[in-house]
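Working through the structure, step by step
This is what each chain is made of:
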Amino acid sequence: MREIISVQVGQCGNQLGAKFWETIAQEHGIGFDGIYAGDNKQQLDRADVYFSDVDNGRWVPRAVCVDLEPGTAASTQAGPVGKMFRPDNFVFGQNGAGNNWAKGHFTEGAELIDDVLEVVRREAEACEQLQGFQLTHSLGGGTGSGMGTLLLTKLREEYPDRMLSTFSVLPSPKISATVVEPYNATLSIHQLIENADSVVCLDNDALYSICKDTLKIAQPGYTDLNYLVAQVMSGVTAGFRFPGQLNSDLRKMNVNLIPFPRLHFFTVGYAPLTAPKSQGFNALNVGQLTQQMFDPRNMMAKVDPRTGKYLTCSLNFRGPVSASEVDSQVLAIQQREASSFVEWIPNNIKTSICDIPSVNSKLSGTFIANSTAIQGVFDRIGTMFTDMFRRKAFLHGYISEGMDDMEFTEAESNMNDLVAEYKQYEEAGLDDEEMYEEEYEEDDAAEGY
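The structure contained in this document is the topic of the report that follows. (Residues numbered from 1 in each chain as written. Predicted model: local features only at pLDDT ≥ 70, side-chain atom pairs only at ≥ 80, totals over all residues. Heavy atoms only, no water.)

Right, let's get into the pairing of strand β7 (residues 163-170). Burial analysis of β7 places 8 of its 8 residues in the buried class, the great majority of the element. Side-chain alternation along β7 places Met-163, Ser-165, Phe-167 and Val-169 on one buried face and Leu-164, Thr-166, Ser-168 and Leu-170 on a second face that is also buried. For strand β6 (residues 129-138) and β7, the ladder comprises 7 bridges, and the chain directions are parallel. Along β7, the bridge assignment pairs Phe-133 with Leu-164. Read from β6 through helix α6 (residues 143-158) to β7, the crossover connection turns out right-handed. One ladder, built from 6 bridges, connects β7 with strand β8 (residues 198-203); its direction is parallel. Counted as the bridge partner of Val-169 is Leu-202 from β8. Running through helix α7 (residues 181-195), the crossover from β7 to the neighbouring parallel element β8 is right-handed. (Buried < 20%, exposed > 50% of the residue type's maximum accessible area, 1.4 Å probe, protein only. Helix = DSSP H or I, 4+ residues; strand = E, 2+ residues; numbered from the N terminus. Pairing = 2+ DSSP bridges. Right-handed = clockwise from strand over helix to strand, strands pointing away.)

Moving on, we get to the nonpolar core. Val-116, Phe-265 and Phe-378 are the most contacted members of the largest nonpolar core, which totals 54 residues. In this view, Val-116 contacts Val-64, Val-66, Val-91, Met-147 and Leu-151; residues no more than four positions away in its chain are not counted. By size, the runner-up hydrophobic cluster in this structure holds 46 residues, among which are Ile-30, Met-84, Phe-85 and Met-163. (Core = buried A, V, L, I, M, F, W, Y, C linked by side-chain atoms within 4.5 Å. Contact = heavy atoms within 4.5 Å.)

Of note, the bond from Ala-271 into Pro-272 is cis; its omega dihedral lies within 30 degrees of zero at 5 degrees. With respect to the element layout, Pro-272 can be found in the loop between β9 (265-271) and α11 (286-293). Even without glycine at this site, Asn-99 takes up a positive phi of about 55 degrees. With respect to the helices and strands, the residue Asn-99 is situated in the loop between β5 (90-92) and α4 (101-105). Even without glycine at this site, Lys-216 takes up a positive phi of about 60 degrees.

Shown next as C-alpha cells:
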C-alpha cells in the first residue's frame, strides 16, 4: 500500500502529531490501545497508509517522535494516544536547543540525527511501497526549525524520489513566543524552499482568531488550536486513507497544486466551522461548504487571499456528496471569482471526494490553496529579520555554534527571491505568456530549429 511515515519534531510538532493520531485513530475505528473496534470494513481498507498491522491484531502508528529534550516524549507517552506508539520510535536528546536554530541544525541536532535516520530507515523497510514523509514542526523555536530542516535535508539525500510534505507553524504577526523567531524562521524557510515538496503554512494568530471569532471559545488554549490543525490534517489526508469517488495522494496533490517547483507553500482552510451552540441550526450542503472554504476568516495562516491571486487550489470533500453537485459549485466559483484566479491556468481547481465522513461532521471540506498572497507572510518575517540582522543583534548565539554571517545573508536573499517570484506570477497575464512564446520562437529560429 502507498504508505506515509509521519515524523514529528520538537514540542509543537509532537503535540500536533499526537492530536492528528488521536483524530485519525477515531476515524479508522482504532482504539487508543491499537485494537480495532469499528463497525465499517472500509475503515481498515487503507488504514495501512498510516498504521502498521502487527501480528497480535494491533494497529501501530507509522510515526517517529523526535525532540532534543526528554520532556516532550514523556508527555506524549502519558497522553491519550501514548500507548499506541512503538516505544523504540521515540528519539530524544537531553540538552534541548534553547530556541537556537544552529543548535538544532548543527550541534545538538547533528549528534542525534543518525539515531533518527535509523528509526526512519526501519519504518521505511517495513513499507511495501513508501509514498513519502509527512513532517510536523514549528519554525519559531530551535528543535522543530533547526533539526526539522536538517532531517528534511537528510531524507532528501536518502530518499530522493519520495515525497516530502510538511505542516509548518510559522511565526504569528502578533503572538511571539521567542525573540529570535525571525532568524529561526528565515533560516528554516531557506531550507524548506530547497528540500520540501510541499509546505502547509499554519500560524497561531489565525488559529486563535478562528477559535475566538468563529467557534466563540472565550479563552482558547493550545488544545483547541491543535484540534483545529488536526481536523485540517485529517481532511488533507482523507483521500489517501479512505476509498472515494475521486481519490488523491501526496503526488497527485502536488502535481495539481504546484505550477513551479519553488512555489510550494500552501494555505489551508476547513469547513464547517461553527460555534457549538449554532451547530443544530444549520442545514449543510455543498454550496455552503464551498462558500465557507473560500472565506478568508477560515484560513489557518494570517493571510488575506484577497490581496493576491490563486495559482491553484484543491477542494477535498468528505461525506455523501454528489460529484455533479461539486462540479457545478466549482464552475460557479470560477465564474463568480474569476478575478481571484490567475488567468493563465485555465482549470486551476482540483477536487477530491471521500465517501467516509469525519467523526465530527456528516459533511465537511478541506481547502488547500497555492495563493500568491502567502508572500505577505514571508515579507513580514523578512522585515523583522532585516531589522535585527542589520544591527547584528543576537547573532553571537548562532556564531558560537559554528555559523557565519553569509548563511544568514543567503537565507534572506533566497526568501526575498521567493517573494519576488510570487509577485511576478501574480502580475503575469495571458499577454505576457504570448510574449514569452514569441521570445522562444525567436530563439528557436536563431538556433535553426
